[in-house]
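# Report on the structure
Here is how the chains run, residue by residue.
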Amino acid sequence: MNDYRRSMDTKIVLLGPPGSGKGTQAEKMEDELGLVRLSTGDILREAVRNETELGREAKGFMDKGQLVPNDLVIDLMKEKISHLDDGYILDGFPRTVEQAEALESIAEIDHVINLEVDDEELVNRLTKRRTCPNCNAVYHLIYKPPKKEGVCDRCGGKLYQRSDDSEETVRNRLKVYRENTYPLIEYYKKKGVLHNIDGKGDIKEIFENIRELL
Ligand code: AMP
């Protein structure tokens, strides 16, 4: 099997605090490795925009930077994953040990990539982040500006600032990350599938470091 085919079958979890580059790297992996990307945050935001029952239940938690309750997220992601045959990237799931255990009951994860970035850099990245509501591409006003101000390079969508990217909510999201998601690093280390990757620096270099280990 050649390298491309092998990566097509690979099941990957992207781990790391909010703003560590999970969305940016998942987008590159989707474009360049042909893996399907499932972003829990994107799915939830779409549900909020469409005012579905799930969206109405999730909105209050998301606006405050809190996690959406496990039962809602676990059912949602189990359903989405059940439609996928080949490899995929999970961006933002699991975020708690309970979610990781639920994932383990339905899939065997090959690699967990943990993107490491310090808090001050995360706050800087998130408060200057802009997102495309159509294709979910992510930009940064200084590090990765779109070619045309306010317009998505990929699909022409009108870029916006996520409501949970304000400084106060960002600091709360980092606290929530430390309390709930950080323990997953140890969880996956024990399973022998964890790779720590320096998430600071050039986007392409980080992507090459990820590609090398797949
Ligand atoms: P993200 O786009 O990954 O930063 O997620 C945005 C928000 O969606 C989070 O702050 C949570 O409120 C919610 N969310 C995303 N993924 C999960 C998850 N796995 N479990 C619970 N809530 C989540």
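Anything mentioned here points back to the structure above.
Residues numbered from 1 in each chain as written. Predicted model: local features only at pLDDT ≥ 70, side-chain atom pairs only at ≥ 80, totals over all residues. Heavy atoms only, no water.

### Remarks on helix H9 (residues 183-190)
Buried within H9 we find Leu184, Ile185, Tyr187 and Tyr188. Summarising the axial view, the buried residues of H9 lie within an arc of 165°, below the 170-degree limit, and thus occupy one face. Exposed residues on H9 whose side chains face more than 90 degrees from its buried face are Lys189 and Lys190. Close packing links the buried residues of H9 with strand E1 (11-15), helix H6 (97-104), strand E4 (111-116), helix H8 (167-181) and strand E7 (194-198). Positioned one or two residues after H9, glycine 192 has a phi angle of 75°, which is positive. (Buried < 20%, exposed > 50% of the residue type's maximum accessible area, 1.4 Å probe, protein only. Helix = DSSP H or I, 4+ residues; strand = E, 2+ residues; numbered from the N terminus. Arc of directions from axis to C-beta. Contact = heavy atoms within 4.5 Å.)

### Structural notes on the site of the ligand
Near the ligand, the surroundings consist of 16 residues, among which Arg45, Gln66, Gly92, Arg95 and Gln99 are the closest. Between glycine 92 and the ligand, the recorded distance is 2.8 Å, taken from a backbone N or O atom to a nitrogen atom. A distance of 2.9 Å separates a nitrogen atom of the ligand from a polar side-chain atom of glutamine 99. For the ligand, whose unbound accessible area comes to 480 Å², protein coverage reaches 96%. Sorting elements by how many residues they give to the shell around the ligand places helix H3 (residues 40-49) first, with four residues. (Near = heavy atom within 4 Å. Polar contact = N/O pair within 3.5 Å; in protein donor to acceptor, adjacent residues only side chain to side chain. Areas by Shrake-Rupley, 256 points an atom, 1.4 Å probe, with all protein chains shown as cover.)

### Details of the layout of surface pockets
Its boundaries defined by the atoms lining it, the second largest pocket holds a volume of some 340 Å³. Lining the second largest pocket are 17 residues, with Glu27, Lys28, Lys144, Asp153 and Ile203 positioned closest to its centre. Of all the secondary structure elements, the ones that give two or more residues to the lining of the second largest pocket are helix H2 (22-33) and helix H10 (203-213). In terms of residue count, H2 provides more of the lining of the second largest pocket than any other element does, five residues in total. Split into classes, the residues belonging to the lining of the second largest pocket amount to six nonpolar, one polar and ten charged. (1 Å grid on protein atoms, 1.4 Å probe; cavity = no way out; pocket = protein on both sides within 12 Å on 5 of 7 lines; lining within 4 Å. Points joined across faces, edges and corners; volume = space filled by probe spheres on them. Nonpolar A, V, L, I, M, F, W, Y, C, P; charged D, E, K, R; others polar.)

### Brief notes about empty space enclosed by the protein
According to the stated counting rule, one finds one cavity of 30 Å³ or more in the structure shown. Every residue lining the largest cavity is listed: Asp42, Arg45, Arg49, Thr131, Cys132, Pro133, Asn136 and Tyr160. Sort the elements by how many residues they give to the lining of the largest cavity and H3 lands first, with three residues. A breakdown of the residues in the lining of the largest cavity according to their chemical character gives three nonpolar, two polar and three charged.

### Here's the deal with H6
Listed in full, the buried residues belonging to H6 are Gln99, Ala100, Ala102 and Leu103. For H6, the buried positions fall inside an angular range of 160° around the axis, keeping them on one side. Packed against the buried residues of H6 are E1, helix H5 (70-82), strand E3 (88-91) and H9.

### Topic: the packing of aromatic side chains
In this structure the tally under the stated criterion is two aromatic pairs. Centroid distance tyrosine 177 to tyrosine 182: 6.4 Å. Interplanar angle 80°. Geometry classified as edge-to-face. Relative to tyrosine 188, the ring of tyrosine 187 has its centre 5.0 Å away and its plane inclined at 85°; by these criteria the two rings are edge-to-face. For the pair shown, tyrosine 187 and tyrosine 188 are each scored as buried. Positioned over the ring face of phenylalanine 207 is lysine 28, at 5.4 Å from the centre of the ring. A cation over an aromatic ring shows up here: lysine 191 above the ring of tyrosine 187, its NZ or CZ 4.9 Å from the ring centre. (Phe/Tyr/Trp six-rings, centres within 6.5 Å; stacked < 30°, edge-to-face > 60°. Lys NZ or Arg CZ within 6 Å of the ring centre and 35° of its normal.)

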